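Next come the chains, spelled out residue by residue.
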Amino acid sequence: MRKPPIIHATRDVRDSSFLRVEQLDLEFSNGERRTYERLKGGGMGAVIIVPMIDNETVLLVREYGAGVGRYELSLPKGRLDRDETVEQGADRELKEEIGYGARKLKILHNLSLSPSYMTHMAHVVLAQDLYPERLEGDEPEELEVVPWKMADLHKLVGRDDVTEGRSIAALFMAREYLAGRFFPT
C-alpha cells in the first residue's frame, strides 16, 4: 500500500479557480423567500466510466483522494474537455487512467454529487470491448488498476477504501444494465 502524500499546509481560499460560489434569491410557492448558495460547476461536465475488461470483470483504480486524505478504490473519471462528446471524454479518460480504449461506449445515466448545493453532474458510461492504448494524463503518479468481479460488488462496498458514492452507484447501474434489469432512457 502506498504511503499518502504529506500535507505541508492548509488554508482557506476565498476565490478559487476550481470552486465558484453562486447565490440564488428564491421565492417558493407559499411566498417564503430564501437566499441559497451553491457551488457552480465549471467546464463541460464530467464522466465516470465502468470499464469492463470482460463480461464479469470491471477495472477499478486506486487513487489518492485529497478530500479524505487516503487512497481510494473507485472508477476512472474526469472532466470533459471543450468540444468533446461524452463518449470521446470517457474514451480519453480510460486511456489516460487505465491504459485502455473502448470500442463500445454506452451512456447509462447522470449522477449529481449533492443537488442541494452543487450544480455538478457526471455522465455514467459503460465501456466494453476494451483494447490496450495509453495516453498521458494529468495524474501526479501512475494509478494502480485493480480488476474486480461484478459478482463480488457486495464485498467491494464493505471496504474502508471504497467510499466514493458515484462509483458505487455507477457500478450497481452497470450491473443491473448488464443483467437486463435497467433500461436507460
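Further up the page is the structure itself.
The present account deals with the structure reproduced in this document.

Overview of the overall build of the chain
Phase 1 of the analysis: Assigned secondary structure in the chain consists of three helices and nine strands.
Phase 2 of the analysis: Moving toward the C terminus, one meets the helices and strands of the chain in the order β-β-β-β-β-β-α-β-β-β-α-α.
Phase 3 of the analysis: Dimensions of the chain, computed from C-alpha atoms along their principal axes, come out at roughly 55 × 45 × 35 Å.
Phase 4 of the analysis: Residues counted as buried form 36% of the 185 residues belonging to the chain.
Phase 5 of the analysis: Long-range pairs, those at least 24 residues apart, make up 64% of the contacts in the chain with a sequence separation of at least 6.
Phase 6 of the analysis: About 11,800 Å² of surface is accessible on the chain, with carbon and sulfur atoms providing 49% of the total.
Phase 7 of the analysis: Taking the average place of the 26 positive charges on the side chains of the chain and the average place of its 32 negative ones, the gap between the two points comes to 2 Å.

Examining the pattern of salt bridges
Phase 1 of the analysis: Taken as a whole, this structure holds 17 salt bridges when the rule is applied.
Phase 2 of the analysis: Here Arg-34 ties to Glu-32 by a salt bridge, and the two come within 3.1 Å at their closest N and O atoms.
Phase 3 of the analysis: By relative accessible area, Arg-34 is classed as partly exposed at 45%.
Phase 4 of the analysis: Given the relative accessible area of 38%, Glu-32 is considered partly exposed.
Phase 5 of the analysis: Note that Arg-181 is salt-bridged to Glu-176, the shortest N-O span being 2.6 Å.
Phase 6 of the analysis: The class of Arg-181 is exposed, set by a relative accessible area of 53%.
Phase 7 of the analysis: What emerges from the salt-bridge pattern is a single network uniting Asp-81, Glu-84, Arg-92, Glu-93 and Glu-96.

Focus on helix H1 (residues 86–97)
Phase 1 of the analysis: Look at H1: 16 Å from first C-alpha to last across 12 residues, which is about the 16 Å you get at 1.5 Å a residue.
Phase 2 of the analysis: Burial runs high along H1: 10 of the 12 residues are buried.
Phase 3 of the analysis: Regarding H1, the residues found buried are Val-86, Gly-89, Ala-90, Asp-91, Arg-92, Glu-93, Leu-94, Lys-95, Glu-96 and Glu-97.
Phase 4 of the analysis: Looking at the packing, one finds that the buried side of H1 touches strand E3 (46–51), strand E4 (57–65), strand E6 (77–79), strand E7 (100–112), strand E8 (121–132) and strand E9 (144–149).
Phase 5 of the analysis: Within two residues after H1, Gly-99 carries a phi angle of roughly 80°, on the positive side.

Looking at the pairing of strand E2 (residues 33–40)
Phase 1 of the analysis: Examined bridge by bridge, strand E1 (residues 20–27) and E2 share eight bridges and lie antiparallel to one another. Counted as the bridge partner of Gln-23 is Glu-37 from E2.
Phase 2 of the analysis: Hairpin connection, E1 to E2: the antiparallel pair is bridged by five residues, and Gly-31 has positive phi, about 90°.

Thresholds, definitions, all that
Residues numbered from 1 in each chain as written. Predicted model: local features only at pLDDT ≥ 70, side-chain atom pairs only at ≥ 80, totals over all residues. Heavy atoms only, no water. Helix = DSSP H or I, 4+ residues; strand = E, 2+ residues; numbered from the N terminus. Buried < 20%, exposed > 50% of the residue type's maximum accessible area, 1.4 Å probe, protein only. Contact = heavy atoms within 4.5 Å. Areas by Shrake-Rupley, 256 points an atom, 1.4 Å probe, with all protein chains shown as cover. Lys, Arg positive; Asp, Glu negative; His and termini not counted. Charge placed at Lys NZ, Arg CZ, Asp CG, Glu CD. Salt bridge = Lys/Arg side-chain N within 4 Å of Asp/Glu carboxyl O. Expected span 1.5 Å × (residues − 1). Pairing = 2+ DSSP bridges.

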